[in-house]
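Take a look at the letters that make up each chain.
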Amino acid sequence: MNDAVALARIYIQIGDDKSADKVLDRVKKIVPTEDKSLLGSFLNTFKGELYLERNDFEKVEEIILEIDTIIQEMGLKMLEPKKERILAELNEKKGNWRNALDHYYASIDAPPD
């Protein structure tokens, strides 16, 4: 899954969003993001990172809400640092430096599970 996300990220960086979407669609066929599993949950975090690459802030915020719901419903606290880092980068891209710093600190201070 990490390789697919890395490939999608490369496509996004070179401006080939269509190929990036194809890669993600193939991954979603194997592990649907709607799947209430650990792999499906991690795929959501990867999608959040890719939406950050595209500067699609609205989609990032939707993904954050999904991750938050998964953390609460399934108790997957190991997603908390990743969620905080995505929020930090989102705030950084928006120019909200104080919030970005707070989320970076939260991602570092999150206890391992």
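Everything below is about the structure shown above.
On a predicted model such as this, the values are computed, not experimentally measured, just so you know.

Peer 1: Teacher, can you tell me more about unusual backbone geometry here?
Peer 2: Most peptide bonds adopt trans geometry, and most residues besides glycine take a negative phi value. Located in the positive-phi region is Asn55, a residue other than glycine, with phi close to 60°. Within the secondary structure, Asn55 is located in the loop between helix H3 (38–53) and helix H4 (57–74).

Peer 1: Explanation requested: a positive patch on the surface in the structure shown.
Peer 2: Judged by side-chain charge, Lys18, Lys22, Arg26 and Lys29 come together as a positively charged surface patch. With respect to the secondary-structure elements, Lys22 resides in helix H2 (residues 17–30).

Peer 1: Even after reading the chapter, I still don't get the packing of H4 against helix H5 (residues 80–94), so can you show me in this structure?
Peer 2: Relative orientation and spacing of two packed helices are given, respectively, by the angle between their axes and the distance between those axes. It is the contact of H4 with H5, at a shortest axis distance of 11 Å, that shows an interaxial angle of 160°. The angle between H4 and H5 places the two elements in the roughly antiparallel class. Here the hand of the crossing between H4 and H5 comes out left-handed. Of the residues in H5, those in contact with Phe57, Val60, Glu61, Ile64, Ile67, Asp68 and Ile71 of H4 are Glu80, Lys83, Ile86, Leu87, Leu90, Lys93 and Lys94. Partitioning the contact of H4 with H5 into residue classes produces 8 nonpolar, no polar and 6 charged.

Peer 1: Would you explain the pattern of salt bridges in this entry?
Peer 2: Close approach of charged atoms allows side chains of opposite charge to pair. Here the structure, examined in full by the defined rule, presents 10 salt bridges. Between Asp21 and Arg54 there is a salt bridge; the shortest N-O distance is 2.6 Å. Taken together, the residues span a long stretch of sequence, with Asp21 in helix H2 and Arg54 in the loop between H3 and H4 at a distance of 33 residues. Residue classification places Arg54 among the partly exposed positions, given a relative accessible area of 25%. Here the residues in one salt-bridge network are Glu49, Lys82, Arg85 and Glu89, joined through shared partners.

Peer 1: Teacher, can you tell me more about the environment of Pro81 here?
Peer 2: Here Pro81 is to be found in helix H5. Looking at Pro81, the relative accessible area reads 21%, which means it is partly exposed. Sequence separation of Pro81 and Ser107 is 26 residues, and the distance between their C-alpha atoms is 4.2 Å.

Peer 1: Mind showing me how you'd approach the environment of Ser107 here?
Peer 2: The topology assignment puts Ser107 in helix H6 (residues 97–109). In this structure the C-alpha to C-alpha distance between Ser107 and Lys82, which are 25 residues apart in sequence, comes to 6.8 Å. Once residues lying within four places of it in the same chain are set aside, the contact partners of Ser107 are Pro81, Glu84 and Arg85. A polar atom in the side chain of Ser107 sits 2.7 Å from the backbone oxygen of Tyr104.

Peer 1: Help me understand a nonpolar patch on the surface in this model?
Peer 2: Taken together, the side chains of Leu101, Tyr105 and Ile108 define a hydrophobic patch exposed on the protein surface, amounting to about 320 Å² of accessible area. Summarising the element assignment, Ile108 is placed in helix H6.

Criteria and thresholds
- Residues numbered from 1 in each chain as written.
- Predicted model: local features only at pLDDT ≥ 70, side-chain atom pairs only at ≥ 80, totals over all residues.
- Heavy atoms only, no water.
- Helix = DSSP H or I, 4+ residues; strand = E, 2+ residues; numbered from the N terminus.
- Patch = residues over 30% accessible without salt bridge, like charges linked within 9 Å, V, L, I, M, F, W, Y side chains within 5 Å.
- Areas by Shrake-Rupley, 256 points an atom, 1.4 Å probe, with all protein chains shown as cover.
- Salt bridge = Lys/Arg side-chain N within 4 Å of Asp/Glu carboxyl O.
- Lys, Arg positive; Asp, Glu negative; His and termini not counted.
- Charge placed at Lys NZ, Arg CZ, Asp CG, Glu CD.
- Axes fitted to C-alpha atoms, helices over the stretch in contact; angles between N-to-C directions.
- Parallel < 35°, antiparallel > 145°, perpendicular 65-115°, else oblique.
- Left-handed = near helix turned anticlockwise from the far one by under 90°.
- Contact = heavy atoms within 4.5 Å.
- Nonpolar A, V, L, I, M, F, W, Y, C, P; charged D, E, K, R; others polar.
- Buried < 20%, exposed > 50% of the residue type's maximum accessible area, 1.4 Å probe, protein only.
- Polar contact = N/O pair within 3.5 Å; in protein donor to acceptor, adjacent residues only side chain to side chain.

Scope: geometric values only; no functional claims are made or implied.
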